[in-house]
Structure formats: C-alpha cells, structure tokens
Amino acid sequence: MKIKFYLLIIVSFSIMIGGCKPDKLEVEVYTSDIESASEGEVVEVPLKASFSLMGEDKENQLPEAKKIALKYMPSDSEIEISKGTFGQVMTIVSSIPIGSSTALSKFLQQNPRIAMVVVENGMVTLQPTETIEKLDKELSKINFMLGLELPAKNTSFRVVSDSKKKVNISATAVFSEKKPYLHFSKDIKKRKSVVIDFKGGDGSVYSEIAPHFNVKF
C-alpha cells in the first residue's frame, strides 16, 4: 500500500510540473527577420502556445489566470480557454521579439515579453525572459498547478525564406516533417519554408537547453 501511495504522489507531482510547460510552442520567422536582427534591429514575430490542464476549473481560476497573463503580452495578444479530452486547453496567440542580445535588452525594458529569439553569429535561439519568471510567480499564487516554464514539451520553428539567394538552415537532434535527424541541414529558396521540431520530453537534450538552429546566407 505504501508503494502505491508513493507512486501516486510521484505521478501527481509529474502532472503538476508538466502543467507548467506548454504542450506545444510555435514560432514563425522570416529570413529577413533574421537578417534585420543581425543588423541590430528588433522585430516582433508570431508565437502560439497551447497548454493542457488536467481536471475541471471548478473555482473558475483560469479566467483570472488569463487576465494576469495578458498583462505581460502585447495588447493584440489573445488567450482562449476551451474543453479538452481530459480537462481544459489554454491557447495563447501572441508575439515575441527577435534581435541581438544587446538590442533585445533595451527593447525589453519598455516592452515586457515572455520570451525572445536571440540572433548571434548566425545562431538563432529561443530564450525565456525575466518577464516569464514574474508571470510564473503570479500564476502560482492563484494555483500551484498553474505556471509557465520554457523550454516547451515541443517547440516548432517555421522558417520562411523571403531572401533572393538560397538560405541554409541547420540544427542538431531535431525532427522535420516527422523524421528524426541527428544533423539536419536544408537549403531553402525564396517563398519556400522549413519546419524544425525540438522535442522537449524528459529523454531529450531540449528539455534542458534552449531550442536553437543555425542560418547561413
């Protein structure tokens, strides 16, 4: 009986921790966004995140969590709450900035965002900001099962080329079109795109490190 009790605690704890990470996070960037970021500009790119929350919201806490989350996002952000298979599904549609670390540091002082895309020396990295820590603390006050952490269980980058020349996209230990790659590399022409998936499960390196890929123009 003790073993069953301890197993129940471990499973329950895993569900609570898992609820803090998005099930899926999608970011779309154009190659011109990356070029602009390399030149010192800051551009906003679209982000979509979805969460699965176990059980019913009997105390009506999710609408309150929604109000808090919107404080840390652009004014045109949207959060929808719907019924899922085993509970509630929260979907966030917003935007995050892409730029160099120096430019982003200045931008974030006036524009709070939950995450950012850092471009340095041809490497593009999705990173959390200090804002996400503030949001996580506020949500946890409502319910310790609520919160927001990165990296997500699955992070998907869609890279669209609007450059005249071919652009090479490469990454390590990723999926693309449901196929696994230890070393992924693909040239994309103008008006073509590629989707790279970073699995953030417990057995993946991307459960601990930030999703990132390389770009060569």
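Computed from a predicted structure; not experimentally measured.

Conventions we followed
- Residues numbered from 1 in each chain as written.
- Predicted model: local features only at pLDDT ≥ 70, side-chain atom pairs only at ≥ 80, totals over all residues.
- Heavy atoms only, no water.
- Phe/Tyr/Trp six-rings, centres within 6.5 Å; stacked < 30°, edge-to-face > 60°.
- Helix = DSSP H or I, 4+ residues; strand = E, 2+ residues; numbered from the N terminus.
- Buried < 20%, exposed > 50% of the residue type's maximum accessible area, 1.4 Å probe, protein only.
- Lys NZ or Arg CZ within 6 Å of the ring centre and 35° of its normal.
- Salt bridge = Lys/Arg side-chain N within 4 Å of Asp/Glu carboxyl O.
- Polar contact = N/O pair within 3.5 Å; in protein donor to acceptor, adjacent residues only side chain to side chain.
- Contact = heavy atoms within 4.5 Å.

A few points about the packing of aromatic side chains
The full count for this structure, using the stated rule, is four aromatic pairs. Ring plane angle 80° and centroid distance 6.2 Å describe the contact between phenylalanine 157 and phenylalanine 198, whose orientation is recorded as edge-to-face. Taken as a pair, phenylalanine 157 in strand S7 (residues 154-160) and phenylalanine 198 in strand S10 (residues 193-199) lie far apart in primary sequence, 41 residues in all. When sorted by exposure, phenylalanine 157 lands in the same class as phenylalanine 198, which is buried. Judged by relative accessible area, which is 0%, phenylalanine 157 ranks as buried. Within the aromatic cluster, the residues linked to one another by ring pairs are Phe157, Phe198, Tyr206 and Phe213. Seen from the ring of phenylalanine 175, lysine 199 lies directly overhead, with NZ or CZ sitting 5.4 Å from the centre.

Focus on the pattern of salt bridges
Counted under the stated rule, the structure contains four salt bridges. Ionic pairing is found between lysine 153 and aspartate 23, a salt bridge with its closest N-O pair at 3.2 Å. Taken as a pair, lysine 153 in the loop between helix H5 (130-142) and S7 and aspartate 23 in the loop between helix H1 (2-18) and strand S1 (24-30) lie far apart in primary sequence, 130 residues in all. Residue classification places aspartate 23 among the partly exposed positions, given a relative accessible area of 24%. Here lysine 71 ties to glutamate 138 by a salt bridge, and the two come within 3.3 Å at their closest N and O atoms. Residue lysine 71 is found in the loop between helix H3 (62-70) and strand S3 (78-83), and its partner glutamate 138 is found in helix H5; the two are separated by 67 residues along the sequence.

Let's talk about the side chain of serine 161
Relative to the helices and strands, serine 161 is located in the loop between S7 and strand S8 (167-176). A distance of 3.4 Å separates a polar side-chain atom of serine 161 from the backbone oxygen of lysine 189. Not counting residues up to four positions away in its chain, the partners in contact with serine 161 are Thr31, Val167, Ile188, Lys189, Lys190, Arg191 and Lys192.

That's the geometry; what it means functionally is another story.
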